[in-house]
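Residue-level structure breakdown
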Amino acid sequence: MGVDKRPPAITVRGLTVRFDGHPPVLDELDLAVPGGEIVAIVGPSGCGKSTLLRSIAGLLAPVGGTIEFALTGASRDGQASAAERSLSTCPPAEPTGLGYVFQEPALLPWRNVIENVQLPLELQGEPWRQQRESGAADALRSVHLAAASWHKFPRQLSGGMRMRASLARALVVDPDVLLLDEPFAAVDDMLRTLLNELVVELWMQQPRTILFVTHNIAEAIYLSHRIVVLSRGRIRAELDNPLPWPRERAQRGSSEFADVYRQVSSALWAAAQEAA
Amino acid sequence: MQFQWLPATCGLILFLLVWQLFVVVTGLPPILLPPPTQVAMALWQERLVLCRAVTATFAASMLGLCLSLASGSILAVVFAQSRWLRSAFIPYIVFLQTVPVVAIAPLLITWFGYRFHTVVLVSAIVSLFPVVSNATTGLISVDPLLVDLFRIHGASRWQILIKLRIPNAVRYLVLGLRVSAGLAVIGAIVGELFVGDVISRFAGLGTIINAWQRMVRTDAVIAAIGASTFLGMAVLSIVNLVSTRLLHRWTDSADFEAQG
């Protein structure tokens with residue numbers, strides 16, 4: 001267990017998520033995400049990583065526990081929403097506080113890039129088109145998507161460009177909290193490295209609270225302040241990441257990196273064996 | 001398959017030659033099977049009647065298609081709202097689809113009279129199913145990730161319908177419309193077979209086929225059948241043209257042509 005350096009931006013207490021007739025996916029999970037830090041969540045497939053993120057985003061109603069956001073002051077009470085869950089509705093997330101990036105770019109195929117990036121602003125009721133466009137343009141510039149591609153449709157772009165557009169769409173609302181749900185799981189190694197560096201760069205520009213789910217240990221180490229090992233719905237280990245900032249590509253080959261890698265890897269194996 | 005003019009023309013000429021030869025060799029009476037030359041003459045003699053008939057049938061089928069597009073889209077939006085509604089009503093739409101129009105046309109005449117709008121109604125009923133089923137599929141088969149995205153940003157049910165479900169349904173709807181276009185022409189002609197009134201201004205292809213058949217003018221009947229085919233193809237190409245224009249946001253036209 002690491003020592004909290006900053007006050008938590010997200011506090012999860014006793015979070016329990018269960019789908020009818022199955023063992024709980026998340027089992028009384030406690031987690032504090034310090035404000036302005038990147039926390040990587042690693043764990044074997046099916047350990048509840050995505051479920052945790054989806055609960056925090058308000059896409060799933062937990063059967064128990066609470067999720068509190070320090071920055072927006074909002075909280076979500078599991079007990080209260082249990083009734084709503086039976087009606088298969090969930091409370092919507094706090095509109096402006098969250099950005100979410102999925103494993104797939106999930107762009108609307110009938111909208112071009114800049115229209116896709118504007119979507120969250122439209123949904124949140126930004127009435128001025130000019131305002132939306134300039135917001136989208138800023139977000140697109142921040143992820144280094146060249147203006148030449150702004151008016152192209154997703155099908156006309158490469159996988160990497162689509163992922164950048166997806167990232168820009170999450171950033172366009174200037175979220176306090178960014179939730180990344182295995183965003184680079186489906187891209188090749190080189191592109192993954194480049195996109196990892198982009199996340200580092202974005203965080204250096206503006207240190208948002210980022211919760212990053214991945215099954216790639218190297219990625220988890222490169223990007224995070226803290227690494228959380230999740231298995232069978234519970235947190236099995238929490239490690240402070242000693243790698244110095246700013247992160248650079250060369251660090252991936254350092255002995256320090258290799259040490260952390262061994263630690264995370266053995267924690268993961270231990271968690272997996274405990275589960276089995 | 002790509003349409004190639006030269007082989008297609010050769011095929012048609014060959015077919016007409018065999019037909020002509022068959023009639024000459026067998027010596028069949030023209031009231032049973034007239035040779036293509038006689039059909040061509042009938043086509044020329046009756047060109048004005050045929051033109052008016054094609055126009056009337058075209059109007060009826062286009063109106064029928066528009067009616068089924070409008071009512072089908074509304075029905076689809078209603079059905080997309082709940083699984084219960086779909087289970088409650090879609091079986092009966094399928095049922096409506098399997099009842100032969102020929103069987104319900106007389107009933108429609110009883111209700112709506114020997115009128116042009118009865119023909120439009122028959123055409124609409126026949127062409128309704130592909131619109132409803134495709135549009136409903138398009139409205140409900142939305143990528144769940146995209147629904148999550150909308151919910152994360154606090155989208156209302158209405159926003160999800162307008163900005164996600166309806167745009168998602170457009171491609172499906174257009175594919176349904178292509179099937180419906182052909183059916184609308186068939187429906188209009190079937191309607192006219194029953195409703196037909198040669199004297200009225202709305203004497204469509206079905207009407208004159210019926211009348212000429214009674215006068216044993218087989219050559220003219222075949223000419224009218226040819227005109228019906230031409231009309232069907234014309235309606236289909238209009239729908240294709242419109243849909244290609246409409247779909248530029250959804251697909252590069254090249255992909256879409258390859259699919260269709």
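Here we summarise the structure given alongside this text. What you see is a predicted model, and the numbers here were worked out from it, not measured in a lab. (Residues numbered from 1 in each chain as written. Chains lettered and ligands numbered in written order. Predicted model: local features only at pLDDT ≥ 70, side-chain atom pairs only at ≥ 80, totals over all residues. Heavy atoms only, no water.)

1. A short note on the sheet that holds strand 10 (residues 234-240) of chain A
All names here are of chain A. Formally: At least two DSSP bridges between two strands are required for those strands to pair. Counting from the N terminus, the helices are the DSSP runs of H or I reaching at least four residues and the strands are the DSSP runs of E reaching at least two. Interaxial angles span 0 to 180 degrees and are taken between N-to-C directions of axes, which are lines fitted to C-alpha atoms, for helices over the stretch in contact. Residues count as neighbours in contact if any of their non-hydrogen atoms are within 4.5 Å of one another.
Spatially, the six strands line up as an open sheet ordered 6-7-8-3-9-10, and their pairing is mixed. Two strands lie at the open edges of the sheet, namely strand 6 (98-101) and strand 10, each paired on one side alone. Averaged over all pairs of adjacent strands, the angle between strand axes in this sheet comes to 15 degrees, irrespective of strand direction. Relative to strand 7 (residues 177-181), strand 6 runs parallel, the two sharing four bridges. Its bridge partner being in strand 7, Leu 98 is matched across the sheet by Val 177. The sheet strands contacting helix 1 (residues 49-56) are strand 3 (38-42), strand 6, strand 7, strand 8 (209-213) and strand 9 (226-231), and the helix crosses strand 7 at an angle near 150 degrees. Each of strand 6 and strand 7 is contacted by helix 5 (residues 159-171), which is oriented at about 165 degrees to strand 6, the strand it contacts most.

2. As for helix 1 of chain A
Residue and element names in this part refer to chain A. Just so we agree on the cut-off: Relative accessibility thresholds used throughout: buried, under 20% of the residue-type maximum; exposed, over 50%; partly exposed, between the two (1.4 Å probe, protein chains only).
In terms of burial, helix 1 is largely enclosed, as six of its eight residues are buried. When helix 1 is considered as a whole, its buried residues turn out to be Lys 49, Thr 51, Leu 52, Leu 53, Ser 55 and Ile 56. Looking one or two residues past helix 1, Gly 58 carries a phi angle of roughly 85 degrees, positive in sign.

3. Looking at the packing of helix 5 (residues 101-112) of chain B against helix 8 (residues 157-195) of chain B
Residue and element names in this part refer to chain B. Rule in force here: An angle counts as roughly parallel when it lies under 35 degrees, as roughly antiparallel when it exceeds 145, as roughly perpendicular when it falls between 65 and 115, and as oblique in every other case. In this scheme, a crossing is called left-handed if the near helix is turned counterclockwise away from the far one by less than a right angle; it is called right-handed if the turn is clockwise. Classes in brief: Ala, Val, Leu, Ile, Met, Phe, Trp, Tyr, Cys and Pro nonpolar; Asp, Glu, Lys and Arg charged; the others, Gly included, polar.
Packing of helix 5 against helix 8 leaves a shortest axis separation of 10 Å and a crossing angle of 50 degrees. In terms of orientation, helix 5 and helix 8 fall into the oblique class. Taken as a pair, helix 5 and helix 8 cross one another with a handedness that is right-handed. Facing helix 5, whose interface residues are Val 101, Val 102, Ala 105, Pro 106 and Ile 109, helix 8 presents Val 190, Phe 194 and Val 195. Considering only residue class, the contact of helix 5 with helix 8 consists of eight nonpolar, no polar and no charged.

4. A word on the environment of Leu173(B)
All names here are of chain B. Note on placement: Leu 173 falls in helix 8. The spacing of Leu 173 and Pro 130 is 43 residues in sequence and 8.3 Å in space, taken between C-alpha atoms. Discounting residues that sit within four places of it in the chain, Leu 173 has contacts with Leu 69, Ser 73, Val 131, Asn 134 and Ala 135.

5. Brief notes about the nonpolar core
We count it as follows: Definition used in this section: a nonpolar core is a set of buried Ala, Val, Leu, Ile, Met, Phe, Trp, Tyr and Cys residues joined via side-chain atoms within 4.5 Å.
Counting 53 residues, the largest nonpolar core has Val117(A), Leu140(A), Val143(A), Leu180(A), Ile210(A), Ile221(A) and Val264(A) as the members making the most contacts within it. Among the elements that take part in this core, helix 6 (residues 189-205) of chain A stands out by supplying seven residues, more than any other. Excluding residues that lie within four positions of it along the chain, Leu140(A) makes contacts with Val113(A), Ile114(A), Val117(A), Leu145(A), Trp150(A) and Ala168(A). In this structure, Ile56(A), Leu108(A), Leu230(A) and Ala155(B) belong to the second largest nonpolar core, which totals 48 residues.

6. Focus on helix 4 (residues 129-142) of chain A
Residues and elements named next belong to chain A. Note the cut-off: Helix span, as expected, comes to 1.5 Å for every residue beyond the first. Each C-beta atom gives one direction from the helix axis, and the arc is the one those directions make.
Taking 1.5 Å per residue as the helical rise, helix 4 with its 14 residues ought to reach 20 Å, and the 20 Å between its terminal C-alpha atoms agrees with that figure. Within helix 4, the full set of buried residues consists of Arg 132, Ala 136, Ala 137, Ala 139 and Leu 140. Here the buried residues of helix 4 occupy an arc of 165 degrees about the axis, which is enough to place them on one side. Check the buried side of helix 4 and you find it contacts helix 3 (113-123) and helix 5.

7. Here's the deal with unusual backbone geometry
The backbone of His144(A) shows a phi angle near 60 degrees, a positive value even though the residue is not glycine. Mapping His144(A) onto the fold places it in the loop between helix 4 and helix 5. Even without a glycine there, the phi angle at Val216(B) is positive, about 55 degrees. Here Val216(B) is to be found in the loop between helix 9 (205-214) and helix 10 (218-246).

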